Amino acid sequence: MANESGSSPATLGGLLRSQGVSRRAFLKFCSTTASLLALPVTAVPAMAEALSSARRPSVIWLSFQECTGCTEALTRSHAPTIEGLIFDFVSLDYHHTLQAASGEAAEHAREQAQHENAGKYLLLVDGSVPLTEHCSTIAGISNLQMLKDCAKDAAAIINVGTCSAYGGLPMAKPNPTNAVPVGDIITDKPIVNIPGCPPMPLAITGVIAHYLTMGALPDLDHLGRPLAFFGESIHDRCYRRPFYDQGKFAETFDDEGARKGWCLYKLGCKAPTTYNACANLKWNQGVSFPIQSGHGCIGCSEPRFWDASGVYQSVPQGQFGDGAKLGAAAVAGAAIGAGAAMLARKKKTKLDAEDPATQ
Ligand code: SF4
Ligand code: SF4
Ligand code: F3S
């Protein structure tokens with residue numbers, strides 16, 4: 001993003017000033033982000049200072065088997081937000097949908113960014129990776145090869161969306177392209193999963209803000225997700241929860257219970273086993289989220305979405321008891337590293353594959 005003189009501000013503070021963002025609004029953003037990232041209040045001034053003087057990090061964004069929904073979620077806000085400006089601030093050196101360059105010039109820009117920022121750039125990926133040959137190529141390069149090439153010199157990888165984090169819709173049965181998530185291929189880099197179909201924009205920019213401020217990735221859970229955004233189930237934060245606890249359920253989408261806003265569990269709400277920040281952050285800048293709109297959560301940010309269960313099939317209660325315990329265990333293990341998280345995720349995937357109940 002360029003300022004009045006036509007050049008891009010070198011620091012994030014410069015960009016925010018050039019966009020008319022007041023110091024007060026910026027500090028409010030820092031304080032909200034610090035609280036979401038579970039940082040102490042005392043960290044806010046340091047975060048503000050670090051973000052203000054942060055220099056543009058290089059980002060390469062690869063899109064493989066995806067629907068562009070993840071990019072849309074991040075770029076389709078109706079009014080400029082500070083989190084949107086932070087995203088504008090990064091040096092997005094390669095993004096299939098957003099870049100102006102095409103053909104050889106685009107691939108040249110990617111190679112140049114990789115070469116000039118070796119060991120320092122962030123690699124963002126949306127979409128799963130097909131292992132079947134010729135299913136998806138960019139500039140004649142298979143997705144698998146491009147991922148390996150770009151991951152080699154990356155400082156860290158951020159999987160944006162359920163497709164790159166867990167395989168998502170392309171990996172759903174019968175998985176015709178033999179799709180896999182990024183973590184099944186790249187095992188020697190720190191990886192953060194920000195699942196969701198699409199993921200919450202603030203979770204993406206929150207992770208980037210943490211990286212800009214701390215020079216490191218945030219704490220992750222056993223599935224490689226930032227605990228700050230995925231530490232609690234939606235069920236635990238849902239405003240309809242008192243109805244669940246009282247046993248008041250909508251039985252159909254147009255009955256008296258539905259009109260009164262009762263719990264959607266019997267209509268297939270998957271939120272008891274879904275970990276995401278939808279209930280507290282909401283979508284469209286805090287306007288609403290699926291359950292508030294009258295439809296149950298379909299578990300779009302969990303592994304094995306879409307195959308896990310039918311959209312309108314209730315989650316067996318015994319299952320989400322276990323899920324809640326898993327979540328608590330994840331919070332207790334907050335310091336788990338990204339590498340260990342990926343190993344744990346792989347182990348879980350293997351266990352799932354061996355469990356006939358999940359077939
Ligand atoms: Fe599209 Fe969902 Fe995959 Fe994102 S996670 S690319 S929104 S299908
Ligand atoms: Fe809310 Fe769904 Fe839990 Fe009911 S089952 S309280 S609708 S999250
Ligand atoms: Fe997805 Fe459920 Fe949130 S369907 S958008 S995780 S409420």
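Every value quoted in this text rests on a predicted model; they were computed, and no experiment measured them.

A few points about the packing of aromatic side chains
Moving on, step 1. Applying the stated criterion across every chain, the model contains 7 aromatic pairs.
Moving on, step 2. Taking 5.8 Å as the distance between ring centres and 80 degrees as the angle between the ring planes, the aromatic pair formed by Tyr244 and Phe249 counts as edge-to-face. Across this residue pair, the class does not change: Tyr244 and Phe249 are buried.
Moving on, step 3. Seen in terms of ring centroids, Tyr244 and Tyr265 are 5.9 Å apart; in terms of plane orientation they differ by 85 degrees. Their pairing is edge-to-face. With Tyr244 in helix 13 (residues 241-246) and Tyr265 in the loop between helix 14 (256-259) and helix 15 (278-281), this pair connects stretches of sequence that are 21 residues apart.
Moving on, step 4. A relative accessible area of 14% places Tyr244 in the buried class.
Moving on, step 5. Linked through ring pairs, Tyr244, Phe249 and Tyr265 together constitute an aromatic cluster.

Quick notes on unusual backbone geometry
The phi angle of most residues is negative, glycine excepted, and most peptide bonds adopt the trans form.
Moving on, step 1. For the bond running from Lys173 to Pro174, omega is 10 degrees, close enough to zero to count as cis.
Moving on, step 2. As for its position among the elements, Pro174 is in the loop between helix 9 (168-171) and strand 8 (179-180).
Moving on, step 3. A positive phi angle, near 55 degrees, is found at Ala139, a position not held by glycine.
Moving on, step 4. One can find Ala139 in the loop between strand 5 (137-138) and strand 6 (141-142).
Moving on, step 5. Among the residues examined, Ala139 registers a relative accessible area of 57% and is labelled exposed.
Moving on, step 6. For Lys282, which is not glycine, the phi dihedral falls at a positive 60 degrees.
Moving on, step 7. Mapped onto the secondary structure, Lys282 falls in the loop between helix 15 and helix 16 (317-332).
Moving on, step 8. The class of Lys282 is partly exposed, set by a relative accessible area of 25%.

Observations concerning the site of ligand 1
Moving on, step 1. What surrounds ligand 1 is the set Glu66, Cys67, Gly69, Cys70, Gly161, Thr162, Cys163, Leu169, Gly196, Cys197 and Pro198.
Moving on, step 2. Secondary structure elements with two or more residues in the shell around ligand 1: helix 4 (69-75) and helix 8 (162-166).
Moving on, step 3. In terms of residue class, the shell around ligand 1 is built from 6 nonpolar, 4 polar and 1 charged.

Side note on empty space enclosed by the protein
Moving on, step 1. Inspection of the entire model under this criterion finds 1 cavity of 30 Å³ or more.
Moving on, step 2. Taken as a whole, the largest cavity spans an internal volume of roughly 100 Å³.
Moving on, step 3. Taken together, His235, Cys238, Arg240, Arg241, Tyr244, Cys263, Leu264, Tyr265, Cys269, Ala271, Pro272 and Ile291 make up the full set of residues lining the largest cavity.
Moving on, step 4. A class-by-class count of the residues in the lining of the largest cavity yields 9 nonpolar, 1 polar and 2 charged.

Describing the packing of helix 3 (residues 43-53) against helix 10 (residues 201-214)
Moving on, step 1. Interhelical geometry of helix 3 versus helix 10 gives an angle of 90 degrees and a closest axis separation of 8 Å. As judged from the angle between their axes, helix 3 and helix 10 are roughly perpendicular. In this structure, helix 3 uses Met47, Ala50 and Leu51 to contact helix 10, whose residues at the interface are Ala209, Leu212 and Thr213.
Moving on, step 2. Residues that form the contact of helix 3 with helix 10 fall into these classes: 5 nonpolar, 1 polar and no charged.

Points about the sheet that holds strand 7 (residues 156-160)
Hydrogen bonds between backbone groups are what pair the strands of a sheet, and the pairing can be parallel or antiparallel.
Moving on, step 1. Strand order across the open sheet formed by 5 strands is 2-1-3-7-9, with parallel pairing between neighbours. Only two strands of the sheet have a single partner each, and these edge strands are strand 2 (91-95) and strand 9 (191-194). The mean angle between the axes of side-by-side strands here comes to 20 degrees, regardless of whether they run parallel or antiparallel.
Moving on, step 2. Contacts from helix 10 reach strand 3 (122-126), strand 7 and strand 9, with the element oriented near 155 degrees to strand 9.

A few points about the pattern of salt bridges
Moving on, step 1. The tally for this structure, following the rule as stated, stands at 10 salt bridges.
Moving on, step 2. One salt bridge in this structure joins Arg225 and Glu302, with 3.0 Å as the shortest N-O distance. Pair noted here: Arg225 is in the loop between helix 10 and helix 11 (227-230) and Glu302 is in the loop between helix 15 and helix 16, with a separation of 77 residues, a long-range link.
Moving on, step 3. Across the salt bridge formed by Glu256 and Arg259, the nearest N and O atoms sit 3.6 Å from each other. One end of the pair is Glu256 and the other is Arg259, both in helix 14 and 3 residues apart, which spans about a single turn.
Moving on, step 4. Judged by its relative accessible area of 45%, Glu256 falls in the partly exposed class.
Moving on, step 5. One network of salt bridges, with partners in common, ties together Asp221, Arg225 and Glu302.

The rules we used
- Residues numbered from 1 in each chain as written.
- Chains lettered and ligands numbered in written order.
- Predicted model: local features only at pLDDT ≥ 70, side-chain atom pairs only at ≥ 80, totals over all residues.
- Heavy atoms only, no water.
- Phe/Tyr/Trp six-rings, centres within 6.5 Å; stacked < 30°, edge-to-face > 60°.
- Buried < 20%, exposed > 50% of the residue type's maximum accessible area, 1.4 Å probe, protein only.
- Helix = DSSP H or I, 4+ residues; strand = E, 2+ residues; numbered from the N terminus.
- Near = heavy atom within 4 Å.
- Nonpolar A, V, L, I, M, F, W, Y, C, P; charged D, E, K, R; others polar.
- 1 Å grid on protein atoms, 1.4 Å probe; cavity = no way out; pocket = protein on both sides within 12 Å on 5 of 7 lines; lining within 4 Å.
- Points joined across faces, edges and corners; volume = space filled by probe spheres on them.
- Axes fitted to C-alpha atoms, helices over the stretch in contact; angles between N-to-C directions.
- Parallel < 35°, antiparallel > 145°, perpendicular 65-115°, else oblique.
- Contact = heavy atoms within 4.5 Å.
- Pairing = 2+ DSSP bridges.
- Salt bridge = Lys/Arg side-chain N within 4 Å of Asp/Glu carboxyl O.

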